[in-house]
Amino acid sequence: MGSIAPSLAELDASNIKVTRSTNLRNVPKPGSPEEMSHSHCTDHMVTVRWTASKGWETPEVRPYENLSIPPTASCLHYATECFEGMKVYRGYDGKMRLFRPDCNGERLDMSSKRGSLPGFKHDELKRLIAKLLEIDGPRWLPKDRPGEHLYLRPTMIATQANLGVQIPKEALLFIIAVPWPDPSKVKPGTNAHPGLKLLTSHEDNIRAWPGGYGYAKLGANYGPSLAAHGKALSMGFNQVLWLFGSDRQVTEAGASNFFIIWENKETGKRELVTAPLENQLILAGVTRRSVLELVQTRLSQSVGDLAPLDVVERSFTIGEVEQAWKEERIVEAFVSGTAYFITPVSLIRNGDVDMNMLKAGAERAEYAALIKSWLEGIMYGKEEHKWAYVIQGEGEQ
Ligand SMILES: *Cc1c(COP(=O)(O)O)cnc(C)c1O
């Protein structure tokens, strides 16, 4: 009331400015080297500048190009950066859909504030993405190729030129879209027994800790973990299974959340177990949350031959996993995330113990397959669901 403080502009997708590319890029074929590079972006990108004095400027859709930032920009020195990983799916009804985009908007806002970057009205994120896809969707995710998707990378960086260590006063939000190889299409002959091999982390290498920022999608979480990941790859594994604390709690696998299904020793009932969010050691995956909600509602009763599951979010240790494995109580394990979706785990190596994660005699991880099919049904419009956000491309009907 009567305040003269200048009001800061909110992020607002409705007044977006569009500049069309006159030099369209080639759209890579599925499985081509360009697609496998995970970096061949679409024709356009979204950019929005922010300053501490004015707030959010007018968003733009403009031709994809390199960014120009000063060598003294905060993000290059102090890791003032965070991001999201999302996908847009081309449905079997011809429509493009995002999956629970407000969850990503909320998380980016949270990560941004945790990383000393600006907050924003989180439901504007999906509108900015929609503007980009109205233009790039029809060409890069054509209607006649349902069942395909593009990967989306909304990113926030502090651009302020200042080597002084301080809260940045200038930032840039940008959104790029990238054709992404389909993780479920295993090349014939390369992997007869699909499933990830996980190598547990070493005690001297910790991904996240209480009071840290492992729960936020900050670039600072990833760079320092790549050496361990690279080592695991060179040993023939696919991901690191990150353990925490002297009791070796199981947290998550690479950039995916980790789930195990086992028989409870006392009750004999089957449980879906995953690490909790309260201690802030893991990233609260949108896929994780969706898996838990679907299992709670659809697997509280048997489905076909599959027995019901109790959902359990609690800290558990690799020692408990080993015990369950020795007692043959493990049914299956899988990881969840946007980038690599729902993928079964075939093996975990902890020290000198190799644990097979599939119940003896089982041909495949059936719970993972069922949950995956439910999620795909929603993403590709086979099932009408409130988690899907439909985008209309230009010239589409
Ligand atoms: C992004 C990410 C996940 C998966 O989150 P989704 O929202 O399901 O894509 C899990 N763990 C880490 C560390 C991540 O960065």
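Model, not experiment: these values are computed from the prediction.

**Describing the overall build of the protein chain**
Piece 1. Looking only at helices and strands, one finds 8 helices and 19 strands in the protein chain.
Piece 2. Whereas a compact globule of 397 residues would reach a radius of gyration of roughly 21 Å, the protein chain reaches 22 Å, a difference of no more than 12%.
Piece 3. Seen through its C-alpha atoms, the protein chain measures out along the principal axes to roughly 65 × 50 × 50 Å.
Piece 4. In the protein chain, which comprises 397 residues, the proportion classed as buried is 51%.

**Thoughts on the confidence of the model for the protein chain**
Piece 1. With 96% of its residues at a pLDDT of 70 or more, the protein chain shows a mean pLDDT of 94.
Piece 2. Low pLDDT, under 50, characterises residues 188-192; the stretch is placed with 1 contact to residues that sit more than four places away or in other chains.

**Observations concerning the domain arrangement of the protein chain**
Piece 1. Once the domains are mapped, the protein chain shows domain 1 (13-181 + 383-390) and domain 2 (196-365).
Piece 2. A C-alpha centroid distance of 29 Å is found between domain 1 and domain 2.
Piece 3. Between domain 1 and domain 2, the contact holds 23 residues from the first and 22 residues from the second.
Piece 4. Of the roughly 1800 Å² buried between domain 1 and domain 2 on both sides combined, carbon and sulfur atoms contribute 57%.
Piece 5. Per-residue buried area on domain 1 facing domain 2 is highest for Phe83, Arg107 and Arg114; these three make up 32% of the total on that side.
Piece 6. Where domain 1 touches domain 2, the interface holds 2 salt bridges.
Piece 7. The partner of Glu293 in a salt bridge is Arg100, with the nearest N and O atoms 3.2 Å apart.
Piece 8. Counting across the interface, domain 1 meets domain 2 through 12 residue pairs in polar contact (both at pLDDT 80 or more).
Piece 9. No other element matches helix α3 (residues 101-114), which puts 6 residues into the side of domain 1 that touches domain 2.
Piece 10. Per-class residue counts for the side of domain 1 that touches domain 2 are 10 nonpolar, 6 polar and 7 charged.

**Points about a nonpolar patch on the surface**
Piece 1. A cluster of nonpolar residues, Tyr78, Leu163 and Val165, forms a patch on the protein surface that exposes about 310 Å² of accessible area.
Piece 2. Its place among the elements puts Leu163 in the loop between β8 (149-158) and β9 (170-179).
Piece 3. Look at Leu163 and you get partly exposed, because its relative accessible area is 48%.

**A word on the site of the ligand**
Piece 1. Surveying the vicinity of the ligand reveals 15 residues, the closest of which are Lys217, Tyr222, Glu252, Thr287 and Thr338.
Piece 2. Between Glu252 and the ligand, the recorded distance is 2.5 Å, taken from a side-chain N or O atom to a nitrogen atom.
Piece 3. A distance of 2.7 Å separates an oxygen atom of the ligand from a polar backbone atom of Val286.
Piece 4. Relative to its free-state accessible area of 380 Å², the ligand is covered by the protein chains to the extent of 97%.
Piece 5. Among the secondary structure elements, those contributing two or more residues to the shell around the ligand are β13 (256-263) and α6 (286-298).
Piece 6. Class assignment for the residues of the shell around the ligand results in 4 nonpolar, 7 polar and 4 charged.

**Details of the environment of Trp50**
Piece 1. Within the element layout of this structure, Trp50 appears in strand β2 (residues 44-51).
Piece 2. Residues Trp50 and Glu327, spaced 277 residues apart in sequence, show a C-alpha to C-alpha distance of 56 Å.
Piece 3. What Trp50 contacts, discounting residues up to four positions off in sequence, is Gly55, Trp56, Pro118, Pro168, Lys169, Glu170 and Ala171.

**Some points on the UniProt feature "modified residue: N6-(pyridoxal phosphate)lysine" (unreviewed entry) in the protein chain**
Piece 1. Per the UniProt entry, the sites bearing "modified residue: N6-(pyridoxal phosphate)lysine" (unreviewed entry) are Lys217 in this numbering.
Piece 2. The class of Lys217 is buried, set by a relative accessible area of 11%.
Piece 3. Apart from the residues lying within four places of it in its own chain, the contact partners of Lys217 are Cys82, Phe83, Glu84, Gly85, Arg107, Ser111, Tyr222 and Leu283.

The rules behind these values
- Residues numbered from 1 in each chain as written.
- Predicted model: local features only at pLDDT ≥ 70, side-chain atom pairs only at ≥ 80, totals over all residues.
- Heavy atoms only, no water.
- Helix = DSSP H or I, 4+ residues; strand = E, 2+ residues; numbered from the N terminus.
- Rg over C-alpha atoms; globule rule 2.2 N^0.38 Å.
- Buried < 20%, exposed > 50% of the residue type's maximum accessible area, 1.4 Å probe, protein only.
- pLDDT = per-residue confidence, 0-100.
- Contact = heavy atoms within 4.5 Å.
- Domains from an automatic or database assignment.
- Buried area = accessible area lost by both parts, 1.4 Å probe.
- Salt bridge = Lys/Arg side-chain N within 4 Å of Asp/Glu carboxyl O.
- Polar contact = N/O pair within 3.5 Å; in protein donor to acceptor, adjacent residues only side chain to side chain.
- Nonpolar A, V, L, I, M, F, W, Y, C, P; charged D, E, K, R; others polar.
- Patch = residues over 30% accessible without salt bridge, like charges linked within 9 Å, V, L, I, M, F, W, Y side chains within 5 Å.
- Areas by Shrake-Rupley, 256 points an atom, 1.4 Å probe, with all protein chains shown as cover.
- Near = heavy atom within 4 Å.
- UniProt positions renumbered as here; feature names shortened; annotations may be inferred.

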